[in-house]
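# Inside the fold
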Amino acid sequence: FFLLNPTTNSLRLRAVYRQGVETIPLKTRELRSGQPDFQALIHGPIVVQRDDPHGERLLPSDALSGLCVPVMAENVPLGTMWVYDRRQREFIDRQIHVLQSIAIQTAAILERMVLLRESEVQHRLSRELQVASENQPDDFVNHAIDDPMFEVAAFCISAHELGGDLCESIPLSSNRTGIAVGDASGNSIPAAMVKATARGALRTQQVEDPDVAGVMQRVNAALHTLTHSQHFMSLVYGVLDSDKRTFTYSNAGHCNPIFIRGDKVTTLESHGLLLGVLGDTEYGHSVVDLQPGDVLVIYSDGISEAMNRSRELFRSKGIIAAVRECREGTAAEILQNIWGRAEAHCDGDSLPDDRTLMVVKIRE
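What counts, and where the lines are drawn
- Residues numbered from 1 in each chain as written.
- Predicted model: local features only at pLDDT ≥ 70, side-chain atom pairs only at ≥ 80, totals over all residues.
- Heavy atoms only, no water.
- Helix = DSSP H or I, 4+ residues; strand = E, 2+ residues; numbered from the N terminus.
- Contact = heavy atoms within 4.5 Å.
- Disulfide = S-S within 2.5 Å.
- Buried < 20%, exposed > 50% of the residue type's maximum accessible area, 1.4 Å probe, protein only.
- Polar contact = N/O pair within 3.5 Å; in protein donor to acceptor, adjacent residues only side chain to side chain.
- Salt bridge = Lys/Arg side-chain N within 4 Å of Asp/Glu carboxyl O.

### Notes on the environment of histidine 254
On the secondary structure map, histidine 254 appears in the loop between strand S12 (246-252) and strand S13 (258-261). Setting aside anything within four residues of it in sequence, one finds histidine 254 in contact with Val181, Gly182, Asp183, Ser234, Leu235, Val236, Ser270, Tyr299 and Ser300.

So this is what it looks like as structure tokens:
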């Protein structure tokens, strides 16, 4: 029996019966037009004699005749089966039918083996995804920051077991807190791998470096070095400073954060390309002065691009309207109102993208 490898378009000897493996010629053979194996897969059983053009190359040295039949599964070729005879002979219909029956049984066994192997792989992947998802942060994080000036609340949920949205808040010192919201390209496992790379690079840089733009540049360089060119990530990274009463941030191609003070709404600017696109990209930064009652909202496009059945997007307008409804509330209350309005906008439909929302409230 010769098993077909569709990737290399070749046949490889996989099993023999009452015949030494060493006697079988061309144990690996290319599947080419005009050859008996190819003809059998296209047209059905074929007989090869020693004096035929391919006889010397395909028959064992002690065989004068050979019969080749296709092994098929629902018209999909799996390989070929050969029977050799030491005599110069023609094969009668009954003999051909017997070999065809064996080929059909072989195909059925191969199909069951493939299904069993795929089932085992699926179970293994399911277990591994469950373990990996358990290591992700909880969806709702009411960040307890040891700073009386700030409240931070965040919600991050994946459309699949694993996702590519990043949501972090890390105390850097007694008066400085780093926050980050990002969105990796793609979905599920590929996006989660990009996010993990960026997250690791960010955490190794930000604790000791007060230069927000410099941190962004080094995270970009790390992502460009460690991932493929088609993998990239948007990211907003900033530092809340309670002594200076400022928010210093850099934005690499992410949704523009929304800053609300009283009735005034400001869309914070961007500073450079997505992370991982070019290794030597330089990023700028901006500084926002903070006052009591200010609200900062950072989100991923899973929130702003939430779509209802009329194909209308939630957009930043929906976020702003939700903040204004409960501007006097805590960061967690504002977040819950934005999230609830986004869910209501979708009218119960599940969202196809990862969703992340972070709200920072400056305490009175």
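### With respect to the state of the cysteines
Counted by the stated rule, this structure contains zero disulfides. Counting only cysteine sulfurs, cysteine 255 is the nearest neighbor of cysteine 346, a cysteine outside any disulfide, at a range of 15 Å. Residue cysteine 346 is classed as buried on the basis of its relative accessible area of 0%.

### Here's the deal with the side chain of serine 286
Following the sequence through the fold, serine 286 ends up in strand S15 (residues 286-289). For serine 286, a relative accessible area of 12% corresponds to the buried category. Ignoring sequence-local partners within four residues, the contact set of serine 286 consists of Phe247, Thr248, Tyr249, Glu269 and His271.

### Remarks on the side chain of asparagine 220
One can find asparagine 220 in helix H5 (residues 212-226). Of the polar contacts made by the side chain of asparagine 220, one reaches the side chain of tyrosine 283; its length is 3.4 Å. Apart from the residues lying within four places of it in its own chain, the contact partners of asparagine 220 are Leu274, Leu275, Gly276, Val277, Leu278, Gly279, Asp280, Thr281 and Tyr283.

### Describing the pattern of salt bridges
If you walk through the whole model with that rule in mind, you get 13 salt bridges. A salt bridge links aspartate 62 to arginine 86, with the nearest nitrogen and oxygen atoms 3.5 Å apart. Of this pair, aspartate 62 sits in the loop between helix H2 (55-58) and strand S5 (65-73) while arginine 86 is found in the loop between strand S6 (76-85) and helix H3 (93-134), placing the two residues 24 residues apart along the sequence. Overall, the relative accessible area of 63% leaves arginine 86 in the exposed class. Note that arginine 363 and glutamate 151 form a salt bridge whose closest N and O atoms lie 3.4 Å from each other.

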